[in-house]
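So you can see what is in the structure, the chains are spelled out below.
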Amino acid sequence: KAKQNTRDRYSFYDEEMTKKAYERIFLETEMRKAFEKDEFVVYFQPQVHAKTKILTGMEALVRWQHPDMGFIYPDRFIPLAESTGMIIKLDRIVMKKAISQFSRWKKSGLEPKKVSINLTMTQLAEGDFYKFIKELLEYENVSASEVEFEITEREIMGNPDASIKALEKLNELGISVAIDDFGTGYSSLTYLKRLPINKLKIDKSFIDNIPKDLSDSAIVKTIINLCENLELQVIAEGVEEENQNDFLFENNCEDIQGFLFSHPINVKDMEEFIKKHT
Ligand code: C2E
Ligand code: MG
Ligand code: MG
Ligand code: MG
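Below: a short report on this structure. Just so it is clear, the structure is predicted and the values come from calculations on it, not from any experiment.

### A few points about the coordination of the magnesium ion (ligand 3)
Then, number 1: Those donors, D180 (OD), D181 (OD), E237 (OE) and E237 (OE), are the protein atoms that reach the magnesium ion (ligand 3), and they lie 2.0 to 2.8 Å from it.
Then, number 2: Of note, the donors binding the magnesium ion (ligand 3) are all from one chain and are spaced D-D-x55-E.
Then, number 3: The two metals, the magnesium ion (ligand 3) and the magnesium ion (ligand 2), are separated by 4.3 Å and share D180 as a common coordinating residue.
Then, number 4: Owing to a relative accessible area of 24%, D181 belongs among the partly exposed residues under this scheme.

In structure tokens form, the structure reads like this:
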């Protein structure tokens with residue numbers, strides 16, 4: 001009987017594995033087609049001042065509009081894009097779309113302020129990347145100071161020496177960098193001081209339980225102080241509640257991103273948001 005059970009478990013496990021492998025191959029094939037069929041769409045999530053609600057910038061977030069599967073969120077395809085190398089192409093498409101939309105808003109007389117774009121470290125190892133971004137900005141008439149790249153703390157700290165070199169090149173172009181998901185990636189304080197970065201984004205996991213959770217509240221205050229002392233900007237992400245917003249504002253974190261103010265929204269809705277919050 002015991003043996004029977006074990007075998008059932010194994011075959012179930014096998015089946016699951018096979019199913020997962022097929023799903024992966026299916027998704028990978030679909031994704032390769034998605035580039036040609038232009039199925040990637042850029043959404044924007046506003047970043048606002050905690051009290052005035054005035055727009056300070058926006059984050060570009062990719063979505064995949066698949067004809068049969070519908071709307072697919074990045075958590076389902078970014079890891080696949082990373083493991084297959086497709087992330088290089090995908091992130092460049094997002095940059096093109098986000099920056100050209102930003103440019104269109106400016107031309108129509110709106111003030112979109114600044115656009116943040118997520119970037120994988122491997123992108124910076126591509127020799128032609130700096131030329132790509134420089135030409136894109138020139139072509140779209142967007143200045144480097146209007147663009148910010150977000151790189152996760154985990155990735156930056158994965159190889160801090162290489163990160164310093166790569167980020168210095170971005171700095172030379174005048175593009176600022178924010179460390180995304182800050183607090184989840186074991187930053188070395190020594191490196192944090194040496195890295196040519198401009199901003200820390202406090203990860204949502206620390207925001208969720210403030211002000212009730214005292215240790216999370218202490219961590220958030222510490223990160224804000226750290227930014228003050230290292231002369232870095234700070235923004236909180238994943239802010240959903242008024243009392244989280246109040247706590248952040250009272251502790252000198254004035255830049256907020258989260259569902260409290262807006263979900264990531266499409267171009268048309270973002271346009272309305274810019275008009276209302278300038
Ligand atoms: P991220 O860069 O940390 O982006 C923030 C994520 O949190 C977004 O999820 C956003 O929709 C979500 N979020 C924002 N405010 C709230 C809130 O108040 N509550 C909750 N529950 N969630 C909130 P999204 O759009 O699903 O993106 C997930 C992750 O995928 C991003 O995390 C980023 O790491 C990655 N990603 C998205 N777009 C791109 C891209 O174009 N390139 C690359 N390389 N990665 C991307
Ligand atoms: Mg981000
Ligand atoms: Mg984040
Ligand atoms: Mg994230």
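Alright, that's what it looks like, and here's the rest.
### A word on the packing of aromatic side chains
Then, number 1: Evaluation of the coordinates by the stated rule reveals 10 aromatic pairs.
Then, number 2: Ring plane angle 50° and centroid distance 5.1 Å describe the contact between F35 and F40, whose orientation is recorded as tilted.
Then, number 3: For F35, a relative accessible area of 12% gives the class buried.
Then, number 4: Overall, F40 belongs to the buried group, its relative accessible area being 3%.
Then, number 5: Plain terms: the ring middles of F40 and W64 are 5.7 Å apart, the flat faces sit at 45° to each other, and that makes the pair tilted. Taken together, the residues span a long stretch of sequence, with F40 in strand β1 (residues 40-49) and W64 in strand β2 (residues 55-66) at a distance of 24 residues.

### Focus on helix α3 (residues 87-107)
Then, number 1: Taking 1.5 Å per residue, 21 residues should reach 30 Å; α3 reaches 30 Å between its end C-alpha atoms and fits that length.
Then, number 2: Trailing α3 by a residue or two, G109 shows a phi angle of about 95°, which is positive.

### Quick look at the pattern of salt bridges
Then, number 1: Counting across every chain of the model gives 17 salt bridges.
Then, number 2: As a salt-bridge pair, D128 and R92 come within 3.0 Å of each other at their nearest N and O atoms. With D128 in the loop between α4 (121-124) and α5 (129-140) and R92 in helix α3, this residue pair connects regions lying 36 residues apart in the sequence.
Then, number 3: Residue D128 is classed as partly exposed on the basis of its relative accessible area, which comes to 41%.
Then, number 4: Three or more residues are tied together by salt bridges with common partners; here these are E59, E150, K201 and E237.

### Here we look at the packing of α5 against helix α7 (residues 160-173)
Then, number 1: Between α5 and α7, the least distance of the axes is 11 Å, while the angle of their chain directions is 25°. Taken together, the axes of α5 and α7 lie roughly parallel to each other. Our pair here, α5 against α7, has a crossing hand that is right-handed. Residues F129, Y130, I133 and K134 of α5 touch α7, and the partners they reach there are A166, K169, L170 and L173.
Then, number 2: Here the residues of the contact of α5 with α7 sort into 6 nonpolar, no polar and 2 charged.

### Here we look at the site of ligand 1
Then, number 1: Around ligand 1, a shell composed of 24 residues is seen, among which R63, D91, D180, E240 and F259 lie nearest.
Then, number 2: In the model, an oxygen atom of ligand 1 is placed 2.8 Å from a nitrogen or oxygen of the D180 side chain.
Then, number 3: Here E237 contributes a side-chain N or O atom positioned 3.4 Å from an oxygen atom of ligand 1.
Then, number 4: Within the complex, 83% of the 800 Å² of free accessible area of ligand 1 lies under protein.

### Focus on helix α11 (residues 242-250)
Then, number 1: For α11, every residue scored as buried is listed here: Q244, N245, F247 and L248. Seen along its axis, α11 keeps its buried residues to an arc of 160°; they face one direction.
Then, number 2: Against α9 (204-207), α10 (214-229), β8 (233-237) and β9 (255-257) lie the buried residues of α11.
Then, number 3: Positive backbone phi, at 70°, marks N252, one or two positions downstream of α11.

About the thresholds
- Note on numbering: residues in each chain are counted from 1, in written sequence order.
- Lettering of chains starts at A and numbering of ligands starts at 1, both following the order in which they are written.
- In keeping with the model being predicted, local features are shown solely for residues with a pLDDT of at least 70 and side-chain atom pairs are shown and tallied solely at 80 or more, while totals for entire chains, interfaces and linings include all residues.
- Values reported for side chains reflect all heavy atoms of the structure, with hydrogen atoms and water molecules removed beforehand.
- Ligating atoms shown are N, O and S within 2.8 Å of the metal, or 3.2 Å for Na, K and Ca, and water is not included, meaning a site may look less than complete.
- Whether a residue is buried, partly exposed or exposed follows from its accessible area with a 1.4 Å probe, protein chains only, as a fraction of its type maximum: under 20%, in between, or over 50%, in that order.
- The aromatic pairing rule takes the rings of Phe, Tyr and Trp, using the six-membered ring of Trp, and pairs them if the centres are within 6.5 Å, calling planes under 30 degrees apart stacked, those over 60 edge-to-face and the rest tilted.
- We count a stretch as a helix when DSSP gives it H or I for four or more residues in a row; a strand needs E for two or more, and each element gets its number in order from the N terminus.
- Each residue after the first adds 1.5 Å to the expected span of a helix.
- Each salt bridge in this description consists of a side-chain nitrogen of Lys or Arg and a carboxyl oxygen of Asp or Glu lying within 4 Å of one another.
- All axes here are fitted lines through C-alpha atoms, helices being fitted over the stretch that makes contact, and every angle between N-to-C directions spans 0 to 180 degrees.
- Here the word oblique covers every angle except those under 35 degrees (roughly parallel), over 145 (roughly antiparallel) and from 65 to 115 (roughly perpendicular).
- It is the rotation of the near helix from the far one that decides the hand of a crossing: anticlockwise by less than a right angle makes it left-handed, clockwise makes it right-handed.
- Should any heavy atoms of two residues lie within 4.5 Å, those residues are considered in contact.
- Residue classes follow a fixed rule: Ala, Val, Leu, Ile, Met, Phe, Trp, Tyr, Cys and Pro count as nonpolar, while Asp, Glu, Lys and Arg count as charged, and any other residue, Gly among them, counts as polar.
- Note on terminology: near, applied to a residue and a molecule or strand, indicates that one of the residue's heavy atoms is within 4 Å of it.
- Polar contacts, as counted here, are pairs of nitrogen or oxygen atoms within 3.5 Å of one another; within protein the pair requires one atom able to donate a hydrogen and one able to accept it, and residues that are adjacent in sequence qualify only if both atoms are side-chain atoms.
- Note on areas: these come from Shrake-Rupley sampling with a 1.4 Å probe, and a residue is covered only by the protein chains present in the view.
- By construction, the arc corresponds to the directions joining the helix axis to the C-beta atoms.

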